[in-house]
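# Reading the structure
If you want the building blocks of each chain, they are given just below.
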Amino acid sequence: MASAVIVIDVQQGLCEGPNAVFDTAGTIQRINLLTRRARASRHSVIMVQHQGQNKMQRGTREWQFADGLAVCRTDTVCSKHTPDAFNRTRLVEVLSDQSITQLLICGMHTEFCVDTTVRRALSLGYPVTLVSDAHSSAGNAATTPSQVIAHHNITLLNIDSFGPRVTLAEAADCEF
């Protein structure tokens, strides 16, 4: 089964300043561990990069991949404009061209782009491994970042209506 690591929105605008996600450095470190292992096993790494009209405009510092994120020339970069990495992007085409049948998903913002992309992947028939310690959030007025992450790990794990399922694994335990 060919798999790909999908790294969602690990961009400078979500990693610095007062709205930075929780444990930015640790999250990036675990993503780098995961992508390094995937590349060594000749599995695809796809970097999804959000491009907004007000925030994270193309070419700005906010839009750039985060400091410390290891991006290689062999990685595929896929631009998106909505929380859904599949919506009006070339992601399905990339996965099809590479005969990818299994996704490992990590990145930023747990409750927005990670959640939406995981659900869409399931609806498209892709089994997903949600890398439980390699996605993050800034939290919100009602919940802490840790609560958001834990909630989504459990919630996404329990979705069974699409057919394919979500499994959870920590970055160090993901197998290729």
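Coordinates for the structure precede this section.
A short tour of the structure in this document, coming up. Since the model is a prediction, treat every value here as computed from it, not as a measurement.

Evaluation of the coordinates by the stated rule reveals one aromatic pair. Aromatic side chains Phe86 and Tyr126 sit 6.3 Å apart centroid to centroid with 20° between the ring planes, which places their arrangement in the stacked category. A residue pair is termed long-range when its members are at least 10 positions apart, and Phe86 in the loop between strand S3 (76-80) and helix H2 (91-97) and Tyr126 in the loop between helix H3 (110-123) and strand S5 (128-136) qualify at 40 residues.

This part covers the pattern of salt bridges. Side chains that differ in sign of charge can pair as their charged atoms come close. Considering all chains together, one arrives at eight salt bridges under this definition. Ionic pairing is found between Arg30 and Asp133, a salt bridge with its closest N-O pair at 3.8 Å. Of this pair, Arg30 sits in helix H1 (residues 24-40) while Asp133 is found in strand S5, placing the two residues 103 residues apart along the sequence. The exposure class assigned to Arg30 is partly exposed, which follows from its relative accessible area of 23%. The salt bridge involving Asp75 is made with Arg39; its shortest N-O contact spans 2.7 Å. Residue Asp75 is located in the loop between strand S2 (44-50) and S3, and its partner Arg39 is located in helix H1; the two are separated by 36 residues in the primary sequence.

Glancing now at the sheet that holds S3. Read across the sheet, six strands follow the order S3-S2-S1-S4-S5-S6 without closing on themselves; strand pairing throughout is parallel. Pairing within the sheet leaves two strands with one partner each, and these edge strands are S3 and strand S6 (166-169). In this sheet, adjacent strand axes meet at a mean angle of 25° when their direction is disregarded. As defined by bridge partners, strand S1 (residues 3-8) adjoins S2 across five bridges and the pair is classed as parallel. Paired with Ile6 across the two strands is Ile46, which belongs to S2. Contacts from H3 reach S1, S3, strand S4 (102-108), S5 and S6, with the element oriented near 170° to S4. This element, helix H4 (residues 145-157), spans S5 and S6 of the sheet and lies at about 175° to S5.

Right, let's get into H4. Turn by turn, an α-helix covers 3.6 residues, leaving residues three or four places apart pointing in a common direction. For H4, which comprises 13 residues, the first-to-last C-alpha distance of 18 Å matches the rise-based estimate of 18 Å (1.5 Å per residue) to within 8%. Residues of H4 that are buried include every one of Pro145, Val148, Ile149, His152, Asn153 and Leu156, and no others. One side of H4 carries all its buried residues, which in axial view fall inside an arc of 130°. Packed against the buried residues of H4 are H3, S5 and S6.

Moving on to the nonpolar core. Counting 25 residues, the largest nonpolar core has Ile6, Ile46, Leu95, Leu103, Ile105 and Val118 as the members making the most contacts within it. Sort the elements by how many residues they give to this core and H3 lands first, with five residues. Excluding its chain neighbours within four sequence positions, the residues that come into contact with Leu95 are Ala4, Ile6, Ile46, Phe86, Ile100, Leu103 and Tyr126. Among the nonpolar cores identified, the runner-up in size contains 24 residues, and Leu104, Cys106, Met108 and Ala169 belong to it.

What follows is about the side chain of Ser137. Note that Ser137 resides in the loop between S5 and H4. There is a polar contact of 2.9 Å between the side chain of Ser137 and the side chain of Glu111. Apart from the residues lying within four places of it in its own chain, the contact partners of Ser137 are Val21, Phe22, His109, Thr110, Glu111, Pro145, Val148 and Ile149.

Let us now look at H3. Taking 1.5 Å as the rise per residue, H3 with 14 residues should run 20 Å; its terminal C-alpha atoms sit 18 Å apart, in good agreement. Three or more residues of H3 are buried, namely Thr110, Glu111, Cys113, Val114, Asp115, Thr117, Val118, Ala121 and Leu122. For H3, the elements touching its buried residues are S1, S3, S4, S5, H4 and S6.

Cut-offs and rules
- Residues numbered from 1 in each chain as written.
- Predicted model: local features only at pLDDT ≥ 70, side-chain atom pairs only at ≥ 80, totals over all residues.
- Heavy atoms only, no water.
- Phe/Tyr/Trp six-rings, centres within 6.5 Å; stacked < 30°, edge-to-face > 60°.
- Helix = DSSP H or I, 4+ residues; strand = E, 2+ residues; numbered from the N terminus.
- Salt bridge = Lys/Arg side-chain N within 4 Å of Asp/Glu carboxyl O.
- Buried < 20%, exposed > 50% of the residue type's maximum accessible area, 1.4 Å probe, protein only.
- Pairing = 2+ DSSP bridges.
- Axes fitted to C-alpha atoms, helices over the stretch in contact; angles between N-to-C directions.
- Contact = heavy atoms within 4.5 Å.
- Expected span 1.5 Å × (residues − 1).
- Arc of directions from axis to C-beta.
- Core = buried A, V, L, I, M, F, W, Y, C linked by side-chain atoms within 4.5 Å.
- Polar contact = N/O pair within 3.5 Å; in protein donor to acceptor, adjacent residues only side chain to side chain.

Keep in mind these numbers describe shape, not what the thing actually does.
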